[in-house]
Amino acid sequence: MSDTVQTMGALSGEAEDKARAKEIADRRRRKTQLQNLGIRLLSLVCVLGIWEIFGGMIDPVLFTVPSKIAVAAVGMIASGELWNYLWPSLVVLAVGLILAAIIGIAIGLLLARFRLLDVAFGSYITFLYSIPSVALVPLIVLWAGFEMTAKIIILFMFAFFPMVINTYQGVRNVDTKLLEVGRAFRCSERQLWANIVLPAALPFIVTGVRLALGRGLIGMVLADLYTAISGIGYLIVRTASTFQVDKMFVPIVTLGLLGVTLTWLLRVVEIKVAPWTAVQDQD
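A. Spatial organisation of the side chain of Asp 118. Note on placement: Asp 118 falls in helix H4 (residues 115-130). Here Asp 118 occupies a buried position and makes no salt bridge, while the nearest side chain of opposite charge, Arg 172, is found at 4.5 Å. Looking at Asp 118, its side chain comes within polar contact range of the side chain of Tyr 168, at 2.7 Å. Setting aside chain neighbours within four positions, we find Asp 118 in contact with Leu 111 and Tyr 168.

Below, the structure is given as structure tokens:
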């Protein structure tokens, strides 16, 4: 009877220690998040303040300040002008990134996992990646025209290669000892992929998506410049050509905020599907 009581007491004490450790870890995490938020806000205030002070010393025809950009942004949002130009670009961005992610990840996995495919087609990926993407834009416009299809192809071309290369490197960097253990336990190819290869390569794949997002935004604006009179890229060119510098900076800042927001969302998704990456960041 006494042994049972002692065992229950030990288990209870262990549970209390775990709960206390979890509480301390949560408190430390919240403190770190608040510190990071404070640092970011302070940095933002300093940058905007410096920009406001020194930007006002430059010719307003050539440059502007945050306060004037904010006024212009309110007007463009209220009139619907910003959204009318942003919406077509967002459609292109979504379709192009989804296609680049699906096809890029699939090709990267196949090239990394099967040596025959890597030897046969790996050099073509390197060849195409070595060609500046901008140099191919006029050719794509010539083939696909000036409408939505050409824009999606251009954005796909910019976002595709980061997905392929990072996925390939992620699979190639899987610990061979883990694969040997899986084979020793007679895991099927499907089980190896599901339990070893994909979890190990997932951080690389998410990094590829982040890089593809940044390059995709570049491709989105570039596509607007070369194709139809629509999209946020055309808005930048139109306002710059008419020397509306305040309004020109609104879509530029919008693109920056869009990139930051989408990158943050990708990080949230990464933590959900690969929570061990969050532990690594905290360490």
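B. Main features of unusual backbone geometry. Even without a glycine there, the phi angle at Phe 243 is positive, about 60 degrees. Of note, Phe 243 is situated in the loop between helix H9 (232-241) and helix H10 (245-273). Judged by relative accessible area, which is 59%, Phe 243 ranks as exposed.

C. Quick peek at the packing of helix H3 (residues 81-113) against H4. Relative orientation of the contacting elements H3 and H4 amounts to 125 degrees, with a least axis distance of 7 Å. One way to sum up the angle between H3 and H4 is to call them oblique. Contacts between H3 and H4 involve Leu 110, Leu 111 and Arg 113 on the former and, on the latter, Arg 115, Leu 117, Asp 118, Phe 121, Gly 122 and Ile 125. Of the residues that constitute the contact of H3 with H4, the class distribution is five nonpolar, one polar and three charged.

D. Region of the structure containing a nonpolar patch on the surface. On the surface, Ile 50, Ile 53, Phe 54, Met 57, Ile 58, Val 61, Leu 62 and Phe 243 cluster together into a nonpolar patch covering about 880 Å² of accessible area. Turning to its location among the elements, Ile 53 is positioned in helix H1 (residues 2-55).

E. Seen up close, the layout of surface pockets. Empty space within the second largest pocket amounts to approximately 210 Å³. Mapped by element, the contributors of at least two residues to the lining of the second largest pocket are H3, helix H6 (148-172), helix H8 (189-226) and H10. When the residues that make up the lining of the second largest pocket are grouped by side-chain class, the tally is 15 nonpolar, no polar and no charged.

Parameters and conventions
Residues numbered from 1 in each chain as written. Predicted model: local features only at pLDDT ≥ 70, side-chain atom pairs only at ≥ 80, totals over all residues. Heavy atoms only, no water. Helix = DSSP H or I, 4+ residues; strand = E, 2+ residues; numbered from the N terminus. Buried < 20%, exposed > 50% of the residue type's maximum accessible area, 1.4 Å probe, protein only. Lys, Arg positive; Asp, Glu negative; His and termini not counted. Salt bridge = Lys/Arg side-chain N within 4 Å of Asp/Glu carboxyl O. Polar contact = N/O pair within 3.5 Å; in protein donor to acceptor, adjacent residues only side chain to side chain. Contact = heavy atoms within 4.5 Å. Axes fitted to C-alpha atoms, helices over the stretch in contact; angles between N-to-C directions. Parallel < 35°, antiparallel > 145°, perpendicular 65-115°, else oblique. Nonpolar A, V, L, I, M, F, W, Y, C, P; charged D, E, K, R; others polar. Patch = residues over 30% accessible without salt bridge, like charges linked within 9 Å, V, L, I, M, F, W, Y side chains within 5 Å. Areas by Shrake-Rupley, 256 points an atom, 1.4 Å probe, with all protein chains shown as cover. 1 Å grid on protein atoms, 1.4 Å probe; cavity = no way out; pocket = protein on both sides within 12 Å on 5 of 7 lines; lining within 4 Å. Points joined across faces, edges and corners; volume = space filled by probe spheres on them.

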